[in-house]
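Structural overview for review
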Amino acid sequence: MYAVVMAGGRGTRFWPLSRESKPKQLLNLRGEKTLIQETVERIAPLVPLDNVLIVTGAAHADDVMAQFPTLPREQVLVEPRGRNTAPCIGLAALSIKKRDPEAVMVVLPADHVISRTPAFIDALSTAISTARKSNYLVTVGIKPEAPETGYGYIEGGDPLSPDTGSSVLRVASFREKPDLPTARSFLEKGTFYWNSGMFVWKVSSIMKALQETLPELYRELLMLEGTLGTPDENEAIKEAYDRIEAISIDYGVMEKASNVLIVPGDFGWNDLGSWDALWAISEKDGNNNVLRGNVITADACDSLVFSKDKLVTLVGVDNLIVVETDDALLILKRGHSQDVKNAVEILENREWKGYL
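Please read all numbers here as calculations on a predicted model, not as lab measurements.

1. A look at the nonpolar core
Counting residues in hydrophobic clusters, the biggest one holds 47 residues, and the most contacted among them are I89, M105, W201, I206, L210 and I249. Those residues in contact with I249 that sit more than four places away from it in its chain are T85, A86, I89, F199, W201, I206, L210 and M254. Among the nonpolar cores identified, the runner-up in size contains 44 residues, and I43, V47, A123 and I128 belong to it.

2. Topic: helix α3 (residues 85-99)
For α3, with 15 residues, the first-to-last C-alpha span of 22 Å sits near the 21 Å given by 1.5 Å per residue. With eleven of 15 residues buried, α3 is to be regarded as a mostly interior element. When we look at burial in α3, the residues that qualify are A86, P87, C88, I89, G90, L91, A92, A93, L94, S95 and I96.

3. Focus: the layout of surface pockets
What the second largest pocket holds in volume is close to 300 Å³. Contributing elements (two or more residues each) for the lining of the second largest pocket: β3 (76-79), α3 and α8 (233-243). Considering each element in turn, the lining of the second largest pocket owes the most residues, four residues, to α3.

4. Section: the pairing of strand β16 (residues 320-324)
The element β16 is extensively covered by neighbouring structure, given that five of its five residues are classed as buried. In terms of strand pairing, strand β14 (residues 304-307) meets β16 through four bridges, oriented parallel. Opposite S307, over in β16, you have E324 as the bridge partner. With five bridges connecting them, β16 and strand β17 (residues 329-333) associate as antiparallel partners. Opposite E324, over in β17, you have L329 as the bridge partner.

5. Observations concerning the packing of aromatic side chains
Enumeration over the complete set of coordinates arrives at ten aromatic pairs. Centre to centre, the rings of Y153 and F186 are 5.0 Å apart; their planes meet at 55 degrees, and the pair counts as tilted. Of this pair, Y153 sits in strand β7 (residues 153-159) while F186 is found in helix α5 (residues 180-189), placing the two residues 33 residues apart along the sequence. The pair formed by Y153 and F186 is uniform in burial state, with each residue classed as buried. Taken together through their ring pairs, the aromatic side chains of F14, W275 and F306 make up a single cluster. Sitting over the ring of W279, R334 keeps its end group 3.6 Å from the ring centre. A cation over an aromatic ring shows up here: R350 above the ring of W352, its NZ or CZ 5.2 Å from the ring centre.

6. Here we look at the sheet that holds β14
Paired through backbone hydrogen bonds, the strands of a sheet run either parallel or antiparallel to each other. The strand order β12-β14-β16-β17 describes an open sheet built from four strands, whose pairing is mixed. On the outer flanks of this sheet lie β12 (290-292) and β17, each paired with one strand and no other. Across the sheet, the axes of successive neighbouring strands diverge by a mean angle of 5 degrees, strand direction being ignored.

7. Re the packing of α3 against helix α7 (residues 215-225)
Viewed as axis vectors pointing N to C, α3 and α7 meet at an angle of 35 degrees, and their least axial separation amounts to 10 Å. In this structure, the crossing between α3 and α7 has a hand that is right-handed. Of the residues in α7, those touching α3 at A86, P87, G90, L91, L94 and K97 are L217, L221, L224 and E225. Within the contact of α3 with α7, the residues separate by chemical class into seven nonpolar, one polar and two charged.

8. Notes on the environment of A240
Following the sequence through the fold, A240 ends up in helix α8. A relative accessible area of 1% places A240 in the buried class. Linking A240 and E255, residues 15 residues apart in sequence, is a C-alpha distance of 24 Å. Setting aside chain neighbours within four positions, we find A240 in contact with E220 and L224.

9. Describing the pattern of salt bridges
Inspection of every chain in the model, using the stated rule, returns twelve salt bridges. When the shortest N-O distance is used, the salt bridge between R19 and D327 registers 2.7 Å. With R19 in the loop between β1 (2-7) and α1 (35-43) and D327 in the loop between β16 and β17, this pair connects stretches of sequence that are 308 residues apart. Look at R19 and you get buried, because its relative accessible area is 11%. By relative accessible area, which is 37% here, D327 ends up partly exposed. The closest approach of N and O atoms between R30 and E38, which form a salt bridge, is 3.5 Å. Given the relative accessible area of 34%, R30 is considered partly exposed. Classification of E38 as buried rests on a relative accessible area of 13%. Linked through salt bridges whose partners overlap, the residues forming this network are R81, K238 and D242.

10. A word on α1
Buried residues dominate α1, accounting for seven of its nine residues. Among the residues of α1, L35, I36, E38, T39, V40, R42 and I43 are the ones counted as buried. Against β1, β2 (52-57), α2 (61-67), β4 (104-109), β5 (113-114) and α4 (117-132) lie the buried residues of α1.

11. Re empty space enclosed by the protein
For the structure shown, the criterion picks out two cavities of 30 Å³ or more. One number sums up the size of the largest cavity: a volume of about 70 Å³. Considering the residues around the largest cavity, the lining is formed by R10, G11, T12, W15, S18, R19, E20, V344 and L356. The residue makeup of the lining of the largest cavity, split by class, is three nonpolar, three polar and three charged. Volume-wise, the second largest cavity comes out at about 40 Å³. If you go around the second largest cavity, the residues you meet are T39, R42, L108, P109, H112, I114, F120 and M198.

What counts, and at which threshold
Residues numbered from 1 in each chain as written. Predicted model: local features only at pLDDT ≥ 70, side-chain atom pairs only at ≥ 80, totals over all residues. Heavy atoms only, no water. Core = buried A, V, L, I, M, F, W, Y, C linked by side-chain atoms within 4.5 Å. Buried < 20%, exposed > 50% of the residue type's maximum accessible area, 1.4 Å probe, protein only. Contact = heavy atoms within 4.5 Å. Helix = DSSP H or I, 4+ residues; strand = E, 2+ residues; numbered from the N terminus. Expected span 1.5 Å × (residues − 1). 1 Å grid on protein atoms, 1.4 Å probe; cavity = no way out; pocket = protein on both sides within 12 Å on 5 of 7 lines; lining within 4 Å. Points joined across faces, edges and corners; volume = space filled by probe spheres on them. Pairing = 2+ DSSP bridges. Phe/Tyr/Trp six-rings, centres within 6.5 Å; stacked < 30°, edge-to-face > 60°. Lys NZ or Arg CZ within 6 Å of the ring centre and 35° of its normal. Axes fitted to C-alpha atoms, helices over the stretch in contact; angles between N-to-C directions. Left-handed = near helix turned anticlockwise from the far one by under 90°. Nonpolar A, V, L, I, M, F, W, Y, C, P; charged D, E, K, R; others polar. Salt bridge = Lys/Arg side-chain N within 4 Å of Asp/Glu carboxyl O.

Now the structure itself:
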């Protein structure tokens, strides 16, 4: 058993706290530990740290190592540039193949929040058992709690077998992020699940799938294989990533493959994609506020405040998100935090790199 933790995202919706130099997965947003530390700790009952690989960008490798001092350096795979999830997963599969060609690998994003770990472990154990005994590509779907338009959906089909019942289903279809009426219809049908971005498969199974669905990426990986563990590795990966197309594993592989299964899960999952999501899952005070740092309120409610150093005071306001850092201040109405990325785009267009 191996686990691959994907830690290459930018986390722009958590600006100004999340920056290019230190994105959200490396931040302490909820408690004593960072999101990536929570992810690795959560998988520990199934995968020891010796079998955990973390894939991250060159700018974040040192921070990842600092958060896991006992993790061997060779278990941090560095991408020279972001190329979405298919190349990331392919590189990790290639590294695991060198150790054990028939290993089972679990792929997890670094920035998810899960409130019921035992239920998560149960769902993942079912996926692992299924992948180990077959050549299926297994994904974990989340039982939807609302008609969410910000997630992709997976439609569950017939059970894999009478023995598994509804715990393992064939995938009937993948659906892009829907509009609200469509999301409501998905919820009513009861056969749709949120796409969690978690996957389980044998290394041999995903390599074969890459060969069939993304042959150009597969050829690049074959060219890299002989350089792993040699002095030429870093330069070879850099040259390959200059040529590799950026594509997601969902679009590049999962939507095209015929041997895809889904294990439904219900374990308090949140992909923590925005400040609004953090407010929703956090413990609140008597006025329904989430307050972090040096903050006082008077006649203020339903808000989130994140203050690093300065005293922040809310008086007579509600439904706000306020985030203070050394060099920036974000203020927006709660419910609009998905639009924070628009502010980041403006900074990029103006080339105000010091704020990114």
